[in-house]
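Overview (structure and organization)
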Amino acid sequence: MLVFYILTIIGLFVLRKTHPEAERPYKAVGFPVLPAIYIVIALFIDIVLLRYKPQYTWPGLCIVLLGIPVYFLWSHRVRTTSV
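All of the points below concern the structure found in this document. (Residues numbered from 1 in each chain as written. Predicted model: local features only at pLDDT ≥ 70, side-chain atom pairs only at ≥ 80, totals over all residues. Heavy atoms only, no water.)

**With respect to the layout of surface pockets**
Of the volumes computed, that of the largest pocket is approximately 270 Å³. If you go around the largest pocket, the residues you meet are Met1, Leu2, Val3, Phe4, Asp46, Leu49, Leu50, Tyr56, Thr57, Gly60, Leu61 and Val64. For the lining of the largest pocket, the elements supplying multiple residues, two or more each, are helix H1 (2–18), helix H2 (33–52) and helix H3 (54–82). Per-element accounting of the lining of the largest pocket gives the leading share, 5 residues, to H3. (1 Å grid on protein atoms, 1.4 Å probe; cavity = no way out; pocket = protein on both sides within 12 Å on 5 of 7 lines; lining within 4 Å. Points joined across faces, edges and corners; volume = space filled by probe spheres on them. Helix = DSSP H or I, 4+ residues; strand = E, 2+ residues; numbered from the N terminus.)

Laid out in structure tokens, this is it:
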């Protein structure tokens, strides 16, 4: 789950960069320092879990990584049918 939390916070940075004029219905507390600290700490926890509890973390990570080719195949299929 931490991987998805990290990706969500990274998405916050990406959206702030790509759409600076967009309306912000909420404020990210301590932006950009606090979200960046969260990313670093969550990455550290992920690395520690991969190192010390691999029997629990590798299967979940593999399942998530298997979703990457599925995403690209699905998005390619959607683009070719919509054009």
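The discussion continues.
**Comments concerning the packing of H2 against H3**
Axes are the key here: two packed helices are described by the angle between their axes and the distance separating the axes. H3 packs onto H2 with a crossing angle of 115 degrees between their chain directions and a minimal axis gap of 6 Å. The two elements H2 and H3 cross, and the hand of that crossing is left-handed. Between H2, through Leu49, Leu50, Arg51 and Tyr52, and H3, the contact on the second element is made entirely by Pro54, Thr57, Trp58 and Leu61. For the contact of H2 with H3, the per-class residue count stands at 6 nonpolar, 1 polar and 1 charged. (Axes fitted to C-alpha atoms, helices over the stretch in contact; angles between N-to-C directions. Left-handed = near helix turned anticlockwise from the far one by under 90°. Contact = heavy atoms within 4.5 Å. Nonpolar A, V, L, I, M, F, W, Y, C, P; charged D, E, K, R; others polar.)

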